[in-house]
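Take a look at the letters that make up each chain.
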Amino acid sequence: MVKYIFAMLMLVATQAQAERIRDLTSVQGVRENSLIGYGLVVGLDGTGDQTTQTPFTTQSLNNMLSQMGITVPAGTNMQLKNVAAVMVTAKYPAFARSGQNIDVVVSSMGNAKSLRGGTLLMTTMKGVDNQVYALAQGNILVGGAGAAAGGSSVQVNQLNGGRITGGAVIERELPGTFGQGNIINLQLNDDDFTLAQQITDTINRSRGYGSASALDARTVQIRVPSGNSSQVRLLADIQNLEVNVAVQDAKVIINSRTGSVVMNREVTLDSCAIAQGNLSVTVNRQAQVSQPDTPFGGGQTVVTPQTQIDLRQSGGALQSVRSSANLNNVVRALNTLAATPMELMSILQSMQSAGCLRAKVEII
């Protein structure tokens with residue numbers, strides 16, 4: 001019988017931890033841009049496209065040769081085993097300058113078996129506006145295959161794709177807009193009204209009241225003082241400020257492919273009873289009262305929430321777990337019953353629908 005193992009990762013966080021503003025936000029307008037191009041890879045060792053099935057490879061080669069003054073006779077059936085048609089992609093970094101080198105990724109779009117040993121011919125890299133911003137060319141680095149135990153070969157990388165480090169040269173610069181105006185917007189990585197206000201308060205304490213304001217749960221607006229000649233220094237100072245980040249929302253993330261469960265420490269349970277297939281889960285939350293040993297002894301009555309979790313499998317014995325009200329114990333107990341990943345996901349979704357799982361459930 002296969003025993004399913006659920007990866008349970010508890011994201012332990014303190015009540016409040018200091019984080020730099022640079023780790024929590026990004027500057028609006030400062031981002032990468034995507035570039036794309038179509039080109040040819042030559043010099044392959046018989047692993048290129050089969051031209052009978054990829055006629056665009058032959059057409060591309062004819063167009064390139066005609067630009068070089070070479071005319072291929074009409075009706076010529078070229079068997080281009082050493083040539084492959086590829087798509088080339090790259091990221092145009094923010095503040096990139098003409099002459100700067102960037103990495104490119106080369107991927108076969110035909111039926112080439114491998115791009116190993118190939119050379120990408122000069123390829124124009126265009127942006128979304130159909131303007132040429134870079135030229136790519138160079139030798140492709142492709143991952144190989146490793147040997148497993150017993151001498152068997154195991155492929156560890158795709159051979160019809162590769163990378164050229166520094167393979168493209170930027171030819172056109174984007175118009176610069178940074179440093180113009182007296183407003184800078186910081187965008188939070190996640191929507192959070194509380195965090196947006198905390199960042200605003202931290203900046204105002206450091207730069208003076210009115211320096212920043214939270215526009216919404218995602219945007220914090222910074223006002224650049226008149227006469228400030230360097231927005232770079234202003235941002236450098238602000239991004240290094242530390243913010244005491246409170247504990248985030250309770251969340252449970254389930255990977256439907258692997259059955260792994262990730263949760264943070266704030267996930268709690270309330271009383272509920274759920275039946276799923278041959279499994280039944282009962283969560284009973286009660287208050288345990290501790291009285292002082294002697295009356296008028298100066299002690300205090302302490303009320304501690306306790307949770308009893310009962311799990312039963314058809315034909316099996318009842319398993320009970322007494323502990324604090326947290327989901328970790330439920331997942332551990334289900335694991336001992338060899339519950340499948342689908343059963344675990346269904347149980348957690350049912351708990352959330354019943355209102356006894358105090359957390360957001362996300363399935364990826």
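The following paragraphs examine the structure supplied in this document. (Residues numbered from 1 in each chain as written. Predicted model: local features only at pLDDT ≥ 70, side-chain atom pairs only at ≥ 80, totals over all residues. Heavy atoms only, no water.)

1. Thoughts on unusual backbone geometry
Here comes step 1: Even without glycine at this site, Phe95 takes up a positive phi of about 65 degrees.
Here comes step 2: Along the chain, the position of Phe95 falls in the loop between strand S5 (84-92) and strand S6 (101-108).
Here comes step 3: Backbone geometry at Asn130 places phi at a positive 65 degrees, although glycine is not the residue there.
Here comes step 4: Considering the arrangement of structural elements, one finds Asn130 in the loop between strand S7 (119-126) and strand S8 (132-139).
Here comes step 5: For Asn130, a relative accessible area of 53% gives the class exposed. (Helix = DSSP H or I, 4+ residues; strand = E, 2+ residues; numbered from the N terminus. Buried < 20%, exposed > 50% of the residue type's maximum accessible area, 1.4 Å probe, protein only.)

2. Comments concerning the environment of Gly46
Here comes step 1: With respect to the helices, strands and loops of the structure, Gly46 is situated in the loop between strand S4 (33-42) and helix H2 (55-67).
Here comes step 2: The class of Gly46 is partly exposed, set by a relative accessible area of 44%.
Here comes step 3: Each C-alpha atom of the pair Gly46 and Lys113 lies 8.8 Å from the other, and the pair is 67 residues apart in sequence.
Here comes step 4: The residues contacting Gly46, other than those within four sequence positions of it, are Lys81 and Asn82. (Contact = heavy atoms within 4.5 Å.)

3. Some thoughts on the pattern of salt bridges
Here comes step 1: Counted by the stated rule, this structure contains four salt bridges.
Here comes step 2: For the salt bridge of Arg20 with Asp23, the shortest nitrogen-to-oxygen distance reads 3.3 Å.
Here comes step 3: Overall, Asp23 belongs to the partly exposed group, its relative accessible area being 39%.
Here comes step 4: Note that Asp237 is salt-bridged to Arg207, the shortest N-O span being 3.8 Å. Taken together, the residues span a long stretch of sequence, with Asp237 in helix H4 (residues 231-239) and Arg207 in helix H3 (residues 193-207) at a distance of 30 residues. (Salt bridge = Lys/Arg side-chain N within 4 Å of Asp/Glu carboxyl O.)

4. Details of the nonpolar core
Here comes step 1: Leu35, Val41, Val88, Val106, Leu115 and Leu120 are the most contacted members of the largest nonpolar core, which has 24 residues in total.
Here comes step 2: Contributing elements (two or more residues each) for this core: S4, S5, S6, S7, S8 and strand S11 (161-170).
Here comes step 3: The next biggest cluster of nonpolar side chains, apart from the first, holds 20 residues, and it includes Leu186, Ala196, Val220 and Leu235. (Core = buried A, V, L, I, M, F, W, Y, C linked by side-chain atoms within 4.5 Å.)

5. Focus on H3
Here comes step 1: Taking 1.5 Å of rise per residue, 15 residues should cover 21 Å, and H3 covers 21 Å from first to last C-alpha, within 8% of that figure.
Here comes step 2: Among the residues making up H3, those that are buried are Leu195, Ala196, Ile199, Thr200, Thr202, Ile203 and Asn204.
Here comes step 3: Backbone nitrogen of Thr194 and a side-chain oxygen of the N-cap are separated by 3.0 Å at the start of H3; the cap is Asp192.
Here comes step 4: With its phi angle positive at about 110 degrees, Gly208 sits one or two positions after the end of H3. (Expected span 1.5 Å × (residues − 1). Polar contact = N/O pair within 3.5 Å; in protein donor to acceptor, adjacent residues only side chain to side chain.)

6. Things to note about the sheet that holds S8
Here comes step 1: Sheet architecture is closed into a barrel: six strands sit in the order S4-S5-S6-S11-S8-S7, paired in antiparallel fashion. Between one strand and the next, the sheet's axes are offset by a mean angle of 30 degrees, whatever the strand orientation.
Here comes step 2: Pairing geometry for S7 and S8, over six bridges, is antiparallel. Residue pairing for S8: Thr119 is matched across the bridge by Asn139.
Here comes step 3: Of the strands in this sheet, S4, S5 and S7 touch H2, which is tilted by about 85 degrees from S4. (Pairing = 2+ DSSP bridges. Axes fitted to C-alpha atoms, helices over the stretch in contact; angles between N-to-C directions.)

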